[in-house]
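# Overview (structure and organization)
What follows is the residue order along each chain.
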Amino acid sequence: MSDLELLTQSLARNVKRWRTERGFTLDTLAARAGVSRGMLIQIEQARTNPSLGTVVKIGDALGVSITTLLDYEQGPRVRVVPADQAVRLWHTDAGSYNRLLAGVEAPGPLEMWEWRLMPGEGSLSDPHPVGTVELVHVTAGELTLTVDAVEYRVAAGASASFEANTPHTYANDGAEPMDMVMAVSVPPVH
């Protein structure tokens, strides 16, 4: 079975599991996540590979991390993710990408990401639930971080934190690749 098939089946099983555990109907989850009921049915039947944005919306609506939705093993309390098993969820032909390095439920989803943005590229993120916090640490280049229409420059070696319940964009306006590590903490669903 390919990695993509494994992820598709894991996503199907885990969305259904967490939806049931939360007591959500398909219609309830669709409304909370802002995705169609038909899309959720296709996801739960492992008949589609949804976009990263759709998976993030579903995770936010369920109050679980992307790692939890894509997890195909229920492992021990310590989980080591080998470098070759980090999940690349977004990339461009120019070489920009992000990789989900690790994630846990603590008490809500907590994720750690690696990002690379090539010169001139960027990625827009929709608002996350109220209480979501993001931390970024730039290791190379300079990040242009826009939060709620205000632009911030974060140079290599610098870090930033922000409440992520408003639109935000990560961009590389420089001439060299920008690398950063990002942590995202989402509050639990009650």
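This write-up is about the structure you can find in this document. Everything numeric here is computed off the predicted structure, so don't read it as measured data. (Residues numbered from 1 in each chain as written. Predicted model: local features only at pLDDT ≥ 70, side-chain atom pairs only at ≥ 80, totals over all residues. Heavy atoms only, no water.)

Time to look at the overall build of the chain. Helices and strands together make up the secondary structure of the chain, namely five helices and ten strands. Against the compact-globule benchmark of 16 Å for 190 residues, the chain has a radius of gyration of 17 Å, which places it among compact chains. For the chain, the spread of C-alpha atoms along the three principal axes comes to 45 × 35 × 30 Å. The buried share of the chain, taken over its 190 residues, is 42%. Of the contacts made within the chain by residues no fewer than 6 positions apart, 63% connect residues no fewer than 24 positions apart. (Helix = DSSP H or I, 4+ residues; strand = E, 2+ residues; numbered from the N terminus. Rg over C-alpha atoms; globule rule 2.2 N^0.38 Å. Buried < 20%, exposed > 50% of the residue type's maximum accessible area, 1.4 Å probe, protein only. Contact = heavy atoms within 4.5 Å.)

Bringing helix H2 (residues 26–33) into the picture now. Along an α-helix, residues three or four positions apart point the same way, because every turn accommodates 3.6 residues. Along H2, the residues classified as buried are Leu26, Leu29, Ala30 and Ala33. Each buried residue of H2 lies within a common arc of 100° when the element is viewed along its axis, so the set occupies one face. Buried positions along H2 lie against helix H1 (3–22), helix H3 (37–44) and helix H4 (52–62). Backbone geometry just after H2 places Gly34 at a positive phi near 75°. (Arc of directions from axis to C-beta.)

Right, let's talk about the side chain of Thr54 for a bit. Structurally, Thr54 is set in helix H4. Under the relative-accessibility criterion, Thr54 is labelled buried at 14%.

Moving on to the layout of surface pockets. Put simply, the second largest pocket is a space of about 580 Å³. Residue lining of the second largest pocket: 31 residues in total, with Leu52, Gly53, Val56, Ser125 and His128 positioned closest to the centre. Taken together, the elements giving at least two residues each to the lining of the second largest pocket come down to H2, H4, strand E3 (109–117), strand E4 (122–125), strand E9 (168–171) and strand E10 (178–185). If one sorts the elements of the lining of the second largest pocket by residue count, H4 sits on top with seven residues. In the lining of the second largest pocket, the residues fall into 17 nonpolar, eight polar and six charged. (1 Å grid on protein atoms, 1.4 Å probe; cavity = no way out; pocket = protein on both sides within 12 Å on 5 of 7 lines; lining within 4 Å. Points joined across faces, edges and corners; volume = space filled by probe spheres on them. Nonpolar A, V, L, I, M, F, W, Y, C, P; charged D, E, K, R; others polar.)

The next subject is the nonpolar core. Ile58, Leu69, Leu143 and Tyr170 are the most contacted members of the largest nonpolar core, which has 40 residues in total. Take this core: its biggest share by element is five residues, from H4. Residues in contact with Ile58, not counting those within four places in the same chain, are Val15, Leu29, Ala33, Val35, Leu40, Ile43 and Leu69. (Core = buried A, V, L, I, M, F, W, Y, C linked by side-chain atoms within 4.5 Å.)

Attention now goes to the packing of H2 against H4. Viewed as axis vectors pointing N to C, H2 and H4 meet at an angle of 110°, and their least axial separation amounts to 8 Å. With respect to H4, the element H2 is oriented roughly perpendicular. Crossing of H2 against H4: the hand is right-handed. Where H2 approaches H4, its residues Leu29, Arg32 and Ala33 are matched on the opposing element by Lys57, Ile58, Ala61 and Leu62. Taken together, the residues of the contact of H2 with H4 break down into five nonpolar, no polar and two charged. (Axes fitted to C-alpha atoms, helices over the stretch in contact; angles between N-to-C directions. Parallel < 35°, antiparallel > 145°, perpendicular 65-115°, else oblique. Left-handed = near helix turned anticlockwise from the far one by under 90°.)

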